[in-house]
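In case you want the letters, here they are:
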Amino acid sequence: MKVILQADVKGHGKKGDLVEASDGYARNYLLPRKLAIEANASNLNTMKLQDEAKKAKLERDRAAAEATKKQLEGKAVTLAVKCGASGRLFGAVTAAEAAEAISKAAGVEVDKRKLSMDEPIKALGSYKLKVKLGFDIAANVNLTVTEAKD
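What you are looking at is a predicted structure, and each value in this text was computed from that prediction instead of being measured.

Rules and cut-offs
- Residues numbered from 1 in each chain as written.
- Predicted model: local features only at pLDDT ≥ 70, side-chain atom pairs only at ≥ 80, totals over all residues.
- Heavy atoms only, no water.
- Core = buried A, V, L, I, M, F, W, Y, C linked by side-chain atoms within 4.5 Å.
- Buried < 20%, exposed > 50% of the residue type's maximum accessible area, 1.4 Å probe, protein only.
- Helix = DSSP H or I, 4+ residues; strand = E, 2+ residues; numbered from the N terminus.
- Pairing = 2+ DSSP bridges.
- Axes fitted to C-alpha atoms, helices over the stretch in contact; angles between N-to-C directions.
- Contact = heavy atoms within 4.5 Å.
- Phe/Tyr/Trp six-rings, centres within 6.5 Å; stacked < 30°, edge-to-face > 60°.
- Expected span 1.5 Å × (residues − 1).

Participant: Explanation requested: the nonpolar core in the structure shown.
Facilitator: As a rule of thumb, soluble globular proteins bury nonpolar side chains together. Formed by 26 residues in total, the largest nonpolar core has its most connected members in Leu72, Val93, Ile102, Ile121, Leu143 and Val145. Elements that contribute at least two residues to this core include exactly helix H2 (41–72), strand S4 (76–81), strand S5 (88–93), helix H3 (95–106), strand S8 (125–134) and strand S9 (137–147). Counting ten residues, the second-largest nonpolar core is a separate cluster that includes Met1, Val3, Val19 and Leu35.

Dropping the structure here:
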């Protein structure tokens, strides 16, 4: 009997696979536990439509990441922070602070977890940050840390 797996089944396949299972195993184990559904024309068509929808969503997400990269790429962002006389910061510039500054400057929401910083920023100067957008797409942003005027 041909069935479409609704969950990963050890020894048979992964979720969404069309597999051949023995009649007894399918009727007595897979179908009652909702691990699979019978592979009739209606269910096969539904599976095909879901696959197409998933591919379309991935393409939309990839296009959105590319558009965000174009908005962020090469953007120069300035962040004013308090510092001592020698140019050393009181503490460090965190990923959250940098992400907030980039979001304000570019008009694009940037999550702090997507921001890649080589080392903590503890001094005034220019730094190159990498924003990971998914799908192996990343944008480089220039962050300039300056002294805050009281």
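Once the structure has been displayed, the description carries forward.
Participant: Quick question: what am I supposed to make of the sheet that holds strand S1 (residues 2–5) here?
Facilitator: Strand pairing in a sheet is mediated by backbone hydrogen bonds. Such pairs are either parallel or antiparallel. Judged by pairing direction, the sheet is antiparallel, and its three strands sit side by side in the order S2-S1-S3 without closing on themselves. Sheet topology places strand S2 (18–20) and strand S3 (36–38) at the edges, where each strand pairs with a single neighbour. Adjacent strand axes in the sheet meet at a mean angle of 40°, parallel and antiparallel pairs treated alike. Bridge analysis of S1 against S2 gives three bridges, and the strand direction is antiparallel. What sits directly across from Ile4, in S2, is Leu18.

Participant: What am I meant to see in the side chain of Thr68 here?
Facilitator: As for its placement among the helices and strands, Thr68 is situated in helix H2. Here Thr68 is in contact with Val108 and Leu133, once residues within four sequence places are set aside.

Participant: Before we go on, may I ask you to explain the packing of aromatic side chains in this structure?
Facilitator: Given two aromatic rings, their pairing is described by the distance between the two centres and the angle made by the two planes. Inspection of the entire model under this criterion finds one aromatic pair. Both rings, one in Tyr25 and one in Tyr29, keep their centres 5.3 Å apart while their planes meet at 15°; by these two values the pair is stacked. Here Tyr25 and its partner Tyr29 are both found in helix H1 (residues 23–30), four residues apart, which amounts to about one turn of the helix. Using a relative accessible area of 27% as the deciding quantity, one classes Tyr25 as partly exposed. Using a relative accessible area of 33% as the deciding quantity, one classes Tyr29 as partly exposed.

Participant: Honestly, H2 in this entry has me stumped. Any pointers?
Facilitator: Since one α-helical turn is 3.6 residues long, residues separated by three or four positions face the same way. For H2, which comprises 32 residues, the first-to-last C-alpha distance of 47 Å matches the rise-based estimate of 46 Å (1.5 Å per residue) to within 8%. Of all the positions in H2, only Met47, Ala65, Thr68 and Leu72 are classed as buried. For H2, the secondary structure elements touched by its buried residues are S1, H3, S8 and S9. Phi turns positive, to about 75°, at Gly74, one or two residues after H2.

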